[in-house]
Amino acid sequence: MDVRLDLVAAHRQAWDALGRPGTWFTGHQRVELAATAVRAMCDEHALAPWIAPSTVDGWLGDDLVTPSAAHDATYRIAAHAGTLSEPWYREMSGELGDLAYVEVVAIACTVAAVVAFRRAAGLEPWELPRPVDGEPSRLVPAGLVGATLNWVRVTSPADAVAAVVQAFTSVPDEHQRLWMLADAQYIPNLEMVDPRWTRGTLSRPQMELVAARVSKLRECFF
Amino acid sequence: MLSWSSNDTGTTTGTSVDLGAVAAGSGAVGIPLGDELLRFASAAADLRDVSAEMGDARDALAEVAGPEFMVDAAAVAANFHMMTRLADGTGARYPAPRLDDMASTISAMGATEMVSRR
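Counting of residues starts from 1 at the beginning of each chain's written sequence and follows it residue by residue. Chain letters and ligand numbers both follow the written order, the letters beginning at A and the numbers at 1. The model is predicted, so local features are restricted to residues of pLDDT at least 70 and side-chain atom pairs to those at 80 or more, both for listing and for counting; the totals for chains, interfaces and linings are taken over all residues. The basis for the side-chain values is all heavy atoms of the structure; hydrogens and waters are excluded.

A. The arrangement of the packing of helix H3 (residues 68–80) of chain A against helix H4 (residues 86–96) of chain A in detail. Residue and element names in this part refer to chain A. With their axes 9 Å apart at the nearest point, H3 and H4 run at an angle of 145° to one another. Classified by chirality, the crossing of H4 by H3 is left-handed. When H3 is examined against H4, the residues Ala69, Ala70, Ala73, Arg76 and Ile77 are found in contact with a partner set consisting of Trp88, Met92, Glu95 and Leu96. Counted by class, the contact of H3 with H4 contains seven nonpolar, no polar and two charged residues. Inter-axis angles, ranging from 0 to 180 degrees, are taken between N-to-C directions of lines fitted to C-alpha atoms, where helices are fitted over the stretch in contact. Strands here mean DSSP runs of E at least two residues long; helices mean DSSP runs of H or I at least four residues long; both are numbered from the N terminus. Take the far helix as the reference: if the near one is turned anticlockwise from it by less than a right angle, the crossing is left-handed, and if turned clockwise, right-handed. The contact rule is simple, with two residues in contact once any of their heavy atoms fall within 4.5 Å. For this classification, the nonpolar set comprises Ala, Val, Leu, Ile, Met, Phe, Trp, Tyr, Cys and Pro, the charged set comprises Asp, Glu, Lys and Arg, and every other residue, Gly included, is treated as polar.

B. A look at the state of the cysteines. Residues and elements named next belong to chain A. Pairs of cysteine sulfur atoms within 2.5 Å are identified as disulfides in what follows. Tallied over the entire structure, the rule returns zero disulfides over all chains. Here Cys42 stays free of any disulfide, with the sulfur of Cys109 as its closest cysteine sulfur at 15 Å. Residue Cys42 is classed as partly exposed on the basis of its relative accessible area of 30%. No disulfide involves Cys109; its sulfur sits 11 Å from the nearest other cysteine sulfur, which is in Cys220. Throughout, exposure labels follow a simple rule: accessible area from a 1.4 Å probe, protein chains only, divided by the maximum for the residue type, with under 20% read as buried, over 50% as exposed, and the rest as partly exposed.

C. Examining the packing of aromatic side chains more closely. Between rings of Phe, Tyr and Trp, where Trp is taken as its six-membered ring, a pair exists when centres lie within 6.5 Å; planes separated by under 30 degrees are stacked, by over 60 edge-to-face, and by other angles tilted. Tallied over the entire structure, the rule returns eight aromatic pairs over all chains. A centroid spacing of 6.5 Å and a plane angle of 75° characterise the contact between Phe221 of chain A and Tyr94 of chain B, whose relative ring orientation is edge-to-face. Within this pair, whereas Phe221 of chain A is found in the segment after helix H8 (204–217), its partner Tyr94 of chain B is found in the loop between helix H6 (67–89) and helix H7 (96–101), the two belonging to separate chains. Taken individually, Phe221 of chain A and Tyr94 of chain B each receive the classification buried, so the pair is uniform in this respect.

D. Region of interest: the interface of chain B and chain A. Counting from both sides, the interface comprises 73 residues of chain B and, opposite them, 71 residues of chain A. Roughly 6,500 Å² is buried in total at the junction of chain B and chain A, and carbon and sulfur atoms are behind 68% of that figure. Only one rule defines a salt bridge in this text: a Lys or Arg side-chain nitrogen within 4 Å of an Asp or Glu carboxyl oxygen. Taken together, the links from chain B to chain A amount to two salt bridges. In the analysis that follows, any N or O atom pair within 3.5 Å is treated as a polar contact, provided that within protein one partner can donate a hydrogen and the other can accept it, and provided that, for residues neighboring in sequence, both atoms belong to side chains. For the pair chain B and chain A, the interface holds 26 residue pairs in polar contact (both at pLDDT 80 or more). Buried area adds together the accessible area that both of two parts lose upon being put together, with accessible area traced by a 1.4 Å probe.

E. Looking closely at empty space enclosed by the protein. Only protein atoms enter the 1 Å grid used here. Points where a 1.4 Å probe fits but cannot escape make up a cavity, open sets with protein on both sides within 12 Å along at least five of seven lines make up a pocket, and a residue lines them when an atom lies within 4 Å of a point. Grid points are joined across faces, edges and corners, and a volume is the space filled by probe spheres set on the points. Applying the stated criterion across every chain yields a total of two cavities of 30 Å³ or more. Here the largest cavity defines a volume of roughly 50 Å³. Forming the boundary of the largest cavity are Arg4, Gln185, Tyr186, Arg199, Thr201, Leu202 and Met207 of chain A together with Asp72 and Val76 of chain B. For the lining of the largest cavity, a count of residues per class yields four nonpolar, two polar and three charged. What lines the second largest cavity is Phe221 and Phe222 of chain A together with Ala92, Arg93, Tyr94, Ser116 and Arg118 of chain B. A per-class count over the lining of the second largest cavity returns four nonpolar, one polar and two charged.

F. Representation of helix H7 (residues 172–185) of chain A in the model. A helix's residues, less one, multiplied by 1.5 Å, set its expected span. Taking 1.5 Å of rise per residue, 14 residues should cover 20 Å, and H7 of chain A covers 20 Å from first to last C-alpha, within 8% of that figure. At its buried positions, H7 of chain A is contacted by helix H1 (5–17), helix H2 (27–42) and helix H5 (98–121) of chain A together with H6 of chain B.

G. Broad picture of the side chain of Asp88 of chain B. Relative to the helices and strands, Asp88 of chain B resides in helix H6. The contacts of Asp88 of chain B, once residues within four sequence positions are left out, are Ala81, Gly82, Leu84, Trp151, Glu219 and Cys220 of chain A together with Ser116 and Arg118 of chain B.

H. Seen up close, unusual backbone geometry. Residue and element names in this part refer to chain A. Of the consecutive residues Ser156 and Pro157, the connecting peptide bond is found in the cis state with omega at 0°. Within the fold, Pro157 resides in the loop between strand S2 (154–155) and helix H6 (163–166). A positive phi angle, near 55°, is found at Arg138, a position not held by glycine. With respect to the helices and strands, Arg138 occurs in the loop between H5 and strand S1 (144–145).

Limitation: the analysis is restricted to geometry and does not speak to function.
Structure (structure tokens):
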């Protein structure tokens, strides 16, 4: 199966970054959380949305390097994103820190993109990367503010762009990676305004059909 | 979901899509390869399904549209596994006036009672 080189490169870059130190988690922690995300998405016997993995004997290993709350958040986002509520977000961001919470969402997003693509295209799943030693950057962008269109803080000015566009701006590395993936998987940002843009395969209406059907089945209102 | 089903692609390109068929997962969508794409997207949405449906839907799409087309359809499906988690994980919502404008789309897509509506 031939896959566009730009798509392979985007997936490989994002996947490998799971093993490197992030902004709030080490590479070892990020790989651990990514493993929880993979299991949450693919396990035939998913836990119910209201059951956290940390409350189930043996679900999480005994030698975790990441706080169990981060695993619980990863699991819920990966497995049951359509059930999330603002009180749940407040609880999780209170335990993890609100910017670390954003990185957890980003890890789940990267895993979802690569796992879903390879399954749909009939390709073998990738092994998670080997963790790279090092400390997280703990970079906090200047000018973070609350938003009306998201639960999470964003860079100022808030709500000047769509909610999904500003969602990861508080963790710039994840923001950059997410839009790199979107460019390769869907439509390059500069082409979004052209409703007739195509890679020569799917037309825009055909892309929107796939997008709407997947989003509907995932019970995502946005 | 509404970001993708309510944009102006259809009107700008002169294409009419039956959102009821998209929501139901069956029926005439109204665009070329609509049936095959609807089946493929439905199978791609459920990562836990271990039945043969994903493989069958993939083969059916590749047979009529070619492997490159199928790979790009898989990439779009993957993008919305990613974007739905981004939107719901960060509490993304629309400004109220935009919701008013999308009322008919919300109804057609059967989204009025979705838990993720904020």
